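# Examination of the molecular architecture
Each chain is listed here by its residues.
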Amino acid sequence: MPYDEALERFEPVLGLETHVELGTASKMFCGCPTTFGAPPNTQVCPVCLALPGSLPVANEKAIESTIRIGLALNCTIATWCRFARKNYFYPDMPKNYQISQYDEPLCTDGYLDVEVDGKTVRVEIERVHLEEDTGKSTHVGGATGRIHGADYSIVDYNRAGIPLVEIVTKPIVGADRLAPEVARAYVTELREVMRSLGVSDVRMEQGSLRCDVNVSLMPRGSAEWGTRTETKNVNSLRSVERAVRGEIERQAAILAGGGRIVQETRHFHEDTGQTSPGRSKEEAQDYRYFPEPDLLPIAPDPAWVESLKAALPELPSARRKRLQQEWGVSDLDMAAMHNADAIDLVEATVAAGAPPADARKWWMGELARRANESGVALAELPITPAQVARVTELVASGALNDKLARQVLEGVLAGEGEPDEVVDKRGLKVVSDEGELLAIIDQVLADNADAAEKVRGGKIAAVGALVGGVMKASRGKADAARARELILEKLGVQG
Ligand SMILES: [Zn+2]
């Protein structure tokens, strides 16, 4: 069912569960390293392989990071809590249970404010808890890369036991037709919070930030929530948005046709934006949780928690407010920079000496256009903030005009060197020699006698064509304003 029609008939309720792999040096319950991309099964030991007789010891740094995340998300921090065993059976989980937290999470009842469409939406956080990651299965043979139809499967336990923080929202009601955008804005903001805390590299493409998206629909006018589905491991910000939208459309079509929604996990397909059914969703009782007997309870000293709170860095939303004030830009411009992931780049360009307005102009204009054309993120363009700052300086000094500056940026992006080198190599300096400029003007006036005559006769507007001629003859290197002055002077007309 088309999205608009779905929204006319139903109201979506969202929930987001985000897993963040912490960037600790060692695993959650053993001393194994956590480096990404190591050869399979080289970062394992008796504890994370769950060999008989091995005992876990909790990673203090991981507990500290989880508390800091909870504090940044305005949560209450437990003064006493425990780990729990979550029993389920997958070959990528060597213990056949996962050490997690159940009824006693470390952090509860917080919130994160996100900006969508110029409005602030408060997303309430139910809980933040600490658990361990699983290993990684690869299914070989078969068309889909899934276990069904595979010839055989192999498993890598390097990831097993890496500390994983799960952040669960309360149901998000009232986002209405902006539900997909709210989901995306939440994950984006959450990622920035994690980055500012330095607790994780939050690379969605490497799986260090993974998102499960819960969606249900209720008919307009009804207060009764529908059955929800859980779309697993959506691994890009764009996919979060698409997964919500796709699931709203799919569920609306089923409900409108008199069908019912099955409570299940679903897989998101990057290529189509659709989801397909996974397994039917377990209930909490299926996991047979019980307190983990091999680990001590966690009882963070309130004074320590206070000191962690006092030492939190400036959080992204506060930083954006401060920069907006410093740069004197509108809410709309700031939101645009945020959406384009340009704030860090503009800030670094300003730090390298560019006026904020110029830094913003180039990153959000010419460079955004080029990034878009090449299908890369702004930050991936092969140009540094310092180089952009140098270009703005050359423009401010009159050595370049905007048109030439664009060519300099093009040269830098093409690997032709620093901005000054590109100016030299491509001969891009503005014609600053007045004699040279006058010679060009004489030629243009001679070639355009009609236009010159009109200007002499008082039709000042006709001077535009002459200036255009000068710019063309100089291949864009003339100072247009100065050319206009000189032309009018030569024709004996007051500009
Ligand atoms: Zn280990």
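Residues numbered from 1 in each chain as written. Predicted model: local features only at pLDDT ≥ 70, side-chain atom pairs only at ≥ 80, totals over all residues.

## So, the overall build of the protein
When you go through the protein residue by residue, the secondary structure sums to 16 helices and 15 strands. Relative to the compact-globule value of 23 Å for 495 residues, the protein shows a C-alpha radius of gyration of 30 Å, a clear excess of over 25%. Projected onto its principal axes, the C-alpha positions of the protein cover 95 × 55 × 50 Å. Sequence separation of at least 24 residues holds for 68% of the intrachain contacts in the protein that already meet a minimum separation of 6. (Helix = DSSP H or I, 4+ residues; strand = E, 2+ residues; numbered from the N terminus. Rg over C-alpha atoms; globule rule 2.2 N^0.38 Å. Contact = placed C-beta atoms within 7 Å.)

## With respect to the nonpolar core
Counting 68 residues, the largest nonpolar core has Ala183 and Tyr186 as the members making the most contacts within it. When residues of this core are assigned to their parent elements, the largest contribution, nine residues, is made by helix H3 (residues 179-197). Counting residues in hydrophobic clusters, the runner-up holds 43 residues, among them Met337, Ala342, Val395 and Leu437. (Core = buried A, V, L, I, M, F, W, Y, C linked by C-beta atoms within 7 Å. Buried ≥ 20, exposed ≤ 12 C-beta atoms within 10 Å, placed from the backbone.)

## Let's talk about the domain arrangement of the protein
Interfaces are frequently sized by the accessible area removed from exposure as the parts join. Domain boundaries in the protein define domain 1 (3-309), domain 2 (314-426) and domain 3 (434-490). For domain 1 and domain 2, the distance between their C-alpha centroids amounts to 36 Å. Going through the elements one at a time, strand S5 (107-116) and H3 are the ones with two or more residues in the side of domain 1 that touches domain 2. In terms of residue count, the dominant contributor to the side of domain 1 that touches domain 2 is H3 (four residues). Class assignment of the residues belonging to the side of domain 1 that touches domain 2 gives a composition of two nonpolar, two polar and four charged. (Domains from an automatic or database assignment. Nonpolar A, V, L, I, M, F, W, Y, C, P; charged D, E, K, R; others polar.)

## Some details on helix H13 (residues 434-447)
Counted at 1.5 Å a residue, the expected span for H13 with its 14 residues is 20 Å, and the 20 Å between its end C-alpha atoms agrees. Taken residue by residue, H13 has Leu437, Ile440, Ile441 and Val444 as its buried positions. Along the axis of H13, the buried positions cluster into a sector of 100 degrees, meaning they face one direction only. Along H13, the residues that are exposed and aim more than 90 degrees away from the buried face are Gly435, Asp442 and Ala446. Buried residues along H13 sit in contact with helix H15 (463-473) and helix H16 (480-490). (Expected span 1.5 Å × (residues − 1). Arc of directions from axis to C-beta.)

## Regarding the packing of helix H11 (residues 402-413) against helix H12 (residues 419-426)
It is at 9 Å that the axes of H11 and H12 come closest, and there the two elements cross at 110 degrees. Relative to H12, H11 is oriented roughly perpendicular. For the pair H11 and H12, contact is made by Gln407, Val408, Gly411 and Val412 and by Pro419, Val422, Val423 and Arg426, respectively. Class assignment of the residues belonging to the contact of H11 with H12 gives a composition of five nonpolar, two polar and one charged. (Axes fitted to C-alpha atoms, helices over the stretch in contact; angles between N-to-C directions. Parallel < 35°, antiparallel > 145°, perpendicular 65-115°, else oblique.)

## Side note on the packing of H3 against helix H4 (residues 237-256)
What describes two packed helices is the angle between their axes and the distance between those same axes. Between H3 and H4, the shortest axis-to-axis distance is 8 Å and the interhelical angle comes to 150 degrees. It follows from the interaxial angle that H3 and H4 lie roughly antiparallel. In the packing of H3 onto H4, the handedness of the crossing is right-handed. Mapping the contact onto sequence places Ala179, Pro180, Glu181, Ala183, Arg184, Val187 and Thr188 in H3 and Leu237, Val240, Glu241, Val244, Arg245 and Ile248 in H4. Here the residues of the contact of H3 with H4 are counted per class, giving eight nonpolar, one polar and four charged. (Left-handed = near helix turned anticlockwise from the far one by under 90°.)

## Observations concerning the pairing of strand S11 (residues 209-219)
Counted residue by residue, S11 has eight buried out of eleven residues, so it is predominantly covered. One ladder, built from eleven bridges, connects strand S1 (residues 10-21) with S11; its direction is antiparallel. Opposite Val20, over in S11, you have Leu209 as the bridge partner. Here S11 runs beside strand S12 (residues 229-234); their pairing, made up of four bridges, is antiparallel. Each bridged residue has a counterpart across the sheet, and for Cys211 the counterpart in S12 is Val234. (Pairing = 2+ DSSP bridges.)

## A short note on the environment of Val455
You can see Val455 is positioned in helix H14 (residues 449-456). Between the C-alpha atom of Val455 and that of Gly492, which follows or precedes it by 37 residues, the distance is 9.4 Å. Dropping the residues within four chain positions of it, Val455 is found in contact with Ile460, Ala462, Val463, Leu491 and Val493.

## Observations concerning the environment of Val114
One can find Val114 in strand S5. For Val114, a count of 20 C-beta atoms within 10 Å translates into the label buried. With residues near it in sequence (within four places) discarded, Val114 still touches Val121, Val123, Val182, Ala185, Tyr186 and Glu189.

## Describing unusual backbone geometry
Glycine aside, the phi torsion of most residues is negative, and most peptide linkages are trans. Phi is positive for Asp341, close to 60 degrees, though the residue is something other than glycine. Structurally, Asp341 is set in the loop between helix H7 (331-339) and helix H8 (343-351).

## Considering the pairing of S1
Across two bridges, S1 lies against strand S10 (residues 172-173) in antiparallel orientation. Bridging from a neighbouring strand, Leu14 pairs with Ile172 of S10.

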